[in-house]
Amino acid sequence: MATTPAGRIWFGIAALAGTLHALASLYWGLGGTWLLDTVGRDLVSTLRDSLWVLLLVGVVKLLAAWLPWSAQDWPGPSQRAVRGVSWAGSVVLVAWGGINTVTANLVLAGLIMPDSDYDRTGMIGHAWLWDPLFLLWGAALITALLRSRTLPHRLHRRPRPTPPGENTQSDMKRRRPHSR
């Protein structure tokens with residue numbers, strides 16, 4: 001399937017958003033701490049002794065970011081499989097990113113009151129950075145998948161040639177009736 005230039009751009013935007021997510025996970029998995037507090041202190045304390053998990057998460061995110069882009073021109077069933085998984089993943093990314101972005105912003109605005117004290121820095125990270133980035137990744141991937149769809153085979157048929165001497169609609173439009 002030949003992807004349109006617009007489809008390629010959207011696949012690229014999705015890949016970039018996923019790569020940013022992946023790079024953060026890989027950086028933290030290697031021991032980096034910049035922006036780590038923006039994911040929430042509970043998650044940080046849970047993963048403190050198993051940072052290798054973040055390396056695995058980072059690799060999975062990289063694959064999820066770049067596989068749809070690279071599979072655009074693959075022939076046959078492998079491309080369909082990647083597109084199917086990409087559709088499922090894009091829906092999850094949009095739902096996860098959208099719900100958590102809205103919820104975190106509602107908490108920060110005071111419209112939702114958590115049962116216990118919450119980590120404001122972590123909430124800001126989810127409201128304004130990580131979850132909107134998931135939302136962007138998913139929305140860009142959905143757009144790319146929509147822009148690169150192929151039509152069913154029956155819609156690809158070429159019009160039947162017009163037999164000689166038979167008028168076509170375009171011939172009829174070009175002819176003007178004689179005015180009297």
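None of these values were measured; they are calculated from a predicted model.

Calculation notes
Residues numbered from 1 in each chain as written. Predicted model: local features only at pLDDT ≥ 70, side-chain atom pairs only at ≥ 80, totals over all residues. Heavy atoms only, no water. 1 Å grid on protein atoms, 1.4 Å probe; cavity = no way out; pocket = protein on both sides within 12 Å on 5 of 7 lines; lining within 4 Å. Points joined across faces, edges and corners; volume = space filled by probe spheres on them. Helix = DSSP H or I, 4+ residues; strand = E, 2+ residues; numbered from the N terminus. Nonpolar A, V, L, I, M, F, W, Y, C, P; charged D, E, K, R; others polar. Expected span 1.5 Å × (residues − 1). Phe/Tyr/Trp six-rings, centres within 6.5 Å; stacked < 30°, edge-to-face > 60°. Buried < 20%, exposed > 50% of the residue type's maximum accessible area, 1.4 Å probe, protein only. Core = buried A, V, L, I, M, F, W, Y, C linked by side-chain atoms within 4.5 Å. Contact = heavy atoms within 4.5 Å.

1. Thoughts on empty space enclosed by the protein
A water-sized probe, rolled over the atoms, reveals where empty space remains.
Then comes step 1: A complete count under the given rule lists one cavity of 30 Å³ or more for this structure.
Then comes step 2: Of the volumes computed, that of the largest cavity is approximately 40 Å³.
Then comes step 3: Among the elements that make up the lining of the largest cavity, the one with the highest residue count is helix α4 (residues 77-108) (three residues).
Then comes step 4: Across the lining of the largest cavity, the residue classes break down as five nonpolar, two polar and one charged.

2. What about the layout of surface pockets?
Then comes step 1: Its boundaries defined by the atoms lining it, the largest pocket holds a volume of some 830 Å³.
Then comes step 2: In this structure, the largest pocket is lined by 36 residues; those nearest its centre are V39, G40, L43, W96 and H126.
Then comes step 3: Counting residues per element, the ones that place at least two in the lining of the largest pocket are α1 (5-29), α2 (41-47), α3 (52-70), α4 and α5 (120-147).
Then comes step 4: The biggest single contributor to the lining of the largest pocket is α4, with seven residues.
Then comes step 5: Its residues assigned to classes, the lining of the largest pocket comprises 19 nonpolar, ten polar and seven charged.

3. Notes on α1
Then comes step 1: Compared with the 36 Å implied by 1.5 Å per residue over 25 residues, the 35 Å span of α1 between its first and last C-alpha is a close match.
Then comes step 2: Residue G31 follows α1 closely and has a positive phi angle near 105°.

4. Observations concerning unusual backbone geometry
Then comes step 1: Despite not being glycine, L35 has its phi angle at roughly 65°, a positive value.
Then comes step 2: Within the fold, L35 resides in the loop between α1 and α2.

5. A short note on the packing of aromatic side chains
Then comes step 1: Within the structure shown, the criterion is met by three aromatic pairs.
Then comes step 2: Seen in terms of ring centroids, W66 and W69 are 5.5 Å apart; in terms of plane orientation they differ by 85°. Their pairing is edge-to-face. One end of the pair, W66, and the other, W69, are both in helix α3, three residues apart, so they sit about a helical turn from each other.
Then comes step 3: Here W66 falls in the partly exposed class, since its relative accessible area comes to 37%.
Then comes step 4: For W69, a relative accessible area of 37% gives the class partly exposed.

6. Details of the nonpolar core
Then comes step 1: Ranked by size, the top nonpolar core spans 20 residues in total, and within it W28, V39, W130 and W137 carry the most contacts.
Then comes step 2: Sequence-distant contacts of V39, defined by excluding residues within four places in its chain, comprise W28, V44, G122, H126 and W130.
Then comes step 3: Membership of the second largest hydrophobic core comes to five residues, among which are A104, L108, M123 and A127.

7. Overview of α4
Then comes step 1: Here α4 is 32 residues long and its end C-alpha atoms lie 46 Å apart, about the 46 Å a rise of 1.5 Å per residue gives.
Then comes step 2: Turning to α4, its buried residues number three or more, namely Q79, V82, R83, S86, S90, L93, G97, G98, T101, A104, V107 and L108.
Then comes step 3: Those residues of α4 that are buried lie in contact with α1, α3 and α5.
Then comes step 4: One or two steps after α4, the chain reaches G110, where phi turns positive at roughly 85°.

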